[in-house]
Amino acid sequence: MNVLNFINSFFSDSAHWKGYDGIPTRLSEHVGYSVMALAIAAAIGLPVGLLTGHTGRGGNALALIATAARALPSFGLLVLMFVILGLGLLPVMIPLVVLAIPPILVTTYEAMRSVDPSPVDAARGMGMHEARVLFQVELPVALPLILSGLRSAAIQIVSTATIAAYVSLGGLGRYIVDGLYQRNYEKVVGGATLTAVMALATLGLFWAVTRIAVSPGVRRSN
């Protein structure tokens, strides 16, 4: 039985569309974990990246932190957090947030540093407050690259949030883990397919956000 037959069998089975183990339930759980992890990572990474990029200080420290965070294996960190904290959402959130912070942090910093200094100097010469320079001059120009960092982090989270199933939580990883345990490869392929589709949907969502949030002049110059 090939992969396409597995996919067809999984999605055509009405039992997979209802109940606590149905696709809508597992999909909503996965979206919930992903949105929560991305929101926490953005709340940490964006302010730090904006501030350090605006001031030009701390770039080496950011690179060191990002490199160290990327070297941490998400599954290994999950197991460690499970041993320390036990079952629950927190052991899942920690590795997902640690995974997402580096691309947000580094990309935001680089986006701010890549802004043409001429309009920034002109704004300061006009007496604009540093906060206005940051949010009204630098941020609109840096926004496309900042959104690309958020997009990269979101896709990594969506793809990795399947680890929640290893500590008895839900999400699309439930199909993969349960399918492997039961040797039900139809369920494994179905879960993997849903995760891939969700990652593609995330790409589409950020493309739409970029079209709406970024001014046409900035889009053309990038």
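See above for the structure.
Residues numbered from 1 in each chain as written. Predicted model: local features only at pLDDT ≥ 70, side-chain atom pairs only at ≥ 80, totals over all residues. Heavy atoms only, no water.

**Q** Looking at this structure, I do not really get the packing of aromatic side chains. What am I missing?
**A** Describing an aromatic ring pair means giving the distance of the ring centres and the angle of the ring planes. Enumeration according to the criterion identifies three aromatic pairs in this entry. For the ring pair F10 and Y175, a centre distance of 5.3 Å and an interplane angle of 80 degrees mean the geometry is edge-to-face. Of the two residues, F10 is situated in helix α1 (residues 3–12) and Y175 in helix α8 (residues 173–182); the sequence distance between them amounts to 165 residues. For Y175, a relative accessible area of 0% puts it in the buried group. When the ring of F11 is compared with that of W17, the centres are 6.3 Å apart and the planes differ by 50 degrees; the resulting orientation is tilted. Here a set of aromatic residues connected by ring pairs shows up, and it is made of F10, F11, W17 and Y175. (Phe/Tyr/Trp six-rings, centres within 6.5 Å; stacked < 30°, edge-to-face > 60°. Helix = DSSP H or I, 4+ residues; strand = E, 2+ residues; numbered from the N terminus. Buried < 20%, exposed > 50% of the residue type's maximum accessible area, 1.4 Å probe, protein only.)

**Q** Help me understand helix α3 (residues 59–71), please; the structure alone is not making it clear to me.
**A** Here α3 contains 13 residues, and its C-alpha end-to-end distance of 18 Å stays within 8% of the 18 Å for a straight helix at 1.5 Å per residue. Those residues of α3 not exposed but buried are G59, L62, A66 and A69. All buried residues of α3 lie within an arc of 90 degrees about the axis, which places them on one face of the element. Exposed and oriented more than 90 degrees from the buried face of α3 are N60, L64, T67 and A71. (Expected span 1.5 Å × (residues − 1). Arc of directions from axis to C-beta.)

**Q** Hey, could you run me through the pattern of salt bridges in this one?
**A** A pair can form between side chains of opposite charge whenever their charged atoms are brought close. Taken as a whole, this structure holds five salt bridges when the rule is applied. Its salt-bridge partner being R26, residue E29 comes within 3.0 Å of it at the nearest N-O pair. On the criterion of helical spacing, the pair formed by E29 and R26 is a turn pair, its members being three residues apart in helix α2 (residues 23–55). A cluster of three or more residues bridged by salt bridges with shared partners is formed by D21, R26, E29 and K187. (Salt bridge = Lys/Arg side-chain N within 4 Å of Asp/Glu carboxyl O.)

**Q** Sorry, what's going on with helix α5 (residues 90–113) here?
**A** For the α-helix, the turn length of 3.6 residues means that residues three or four positions removed from each other point alike. The end-to-end C-alpha distance of α5 is 34 Å, a good match for the 34 Å that 24 residues give at a rise of 1.5 Å each. At I101, α5 shows its maximal bend, which comes to roughly 25 degrees, and the proline P102 appears one to four places after that position. (Bend = angle between axes of the 7 residues up to and from the residue.)

**Q** Hey, could you run me through the packing of α5 against helix α7 (residues 130–160) in this one?
**A** The relative placement of two packed helices is expressed as an angle between their axes plus a distance between the axes. Look at α5 against α7: their axes get within 8 Å of each other, and the N-to-C directions meet at 155 degrees. Taken together, the axes of α5 and α7 are roughly antiparallel relative to one another. α7 is crossed by α5, and the crossing has right-handed handedness. Classifying every residue of the contact of α5 with α7 by side-chain character gives 14 nonpolar, seven polar and two charged. (Axes fitted to C-alpha atoms, helices over the stretch in contact; angles between N-to-C directions. Parallel < 35°, antiparallel > 145°, perpendicular 65-115°, else oblique. Left-handed = near helix turned anticlockwise from the far one by under 90°. Nonpolar A, V, L, I, M, F, W, Y, C, P; charged D, E, K, R; others polar.)

**Q** How do you make sense of the nonpolar core when you look at a structure like this?
**A** Side chains of a nonpolar character, in soluble globular proteins, are inclined to be buried together. Residues L38, V92, L96, I104 and L150 are the most contacted members of the largest nonpolar core, which totals 29 residues. Listing elements by their share of this core, those giving two or more residues are α2, α5 and α7. The dominant element in this core, judged by the number of residues it contributes, is α5, at nine residues. Not counting the four nearest positions on each side in its chain, L38 is found in contact with I104, L150, A153, A154, I157 and F206. Listed in part, the 12 residues of the second largest apolar core include M112, A123, L134 and A142. (Core = buried A, V, L, I, M, F, W, Y, C linked by side-chain atoms within 4.5 Å. Contact = heavy atoms within 4.5 Å.)

**Q** How do you make sense of the layout of surface pockets when you look at a structure like this?
**A** Where empty space is left can be seen by rolling a probe of water-molecule size over the atoms. Empty space within the largest pocket amounts to approximately 150 Å³. Contributing to the lining of the largest pocket are V31, S34, V35, L38, A154, V158, M198, A201, T202, L205 and F206. Every element with two or more residues in the lining of the largest pocket is listed here: α2, α7 and α9 (185–213). A total of five residues in the lining of the largest pocket trace back to one element, the largest contributor, which is α9. A class-by-class count of the residues in the lining of the largest pocket yields nine nonpolar, two polar and no charged. (1 Å grid on protein atoms, 1.4 Å probe; cavity = no way out; pocket = protein on both sides within 12 Å on 5 of 7 lines; lining within 4 Å. Points joined across faces, edges and corners; volume = space filled by probe spheres on them.)

**Q** What is the right way to read a nonpolar patch on the surface from this model?
**A** Where nonpolar side chains cluster on the molecular surface, the patch consists of F75, V79, L80, F82, V83, I84, L85, L87, L90, Y166, L180 and Y185 and spans about 1200 Å² of accessible area. Looking at the nonpolar patch element by element, the count peaks at seven residues for helix α4 (residues 74–85). In this structure, I84 sits in helix α4. Relative accessible area serves as the criterion here: at 58%, I84 is assigned to the exposed category. (Patch = residues over 30% accessible without salt bridge, like charges linked within 9 Å, V, L, I, M, F, W, Y side chains within 5 Å. Areas by Shrake-Rupley, 256 points an atom, 1.4 Å probe, with all protein chains shown as cover.)

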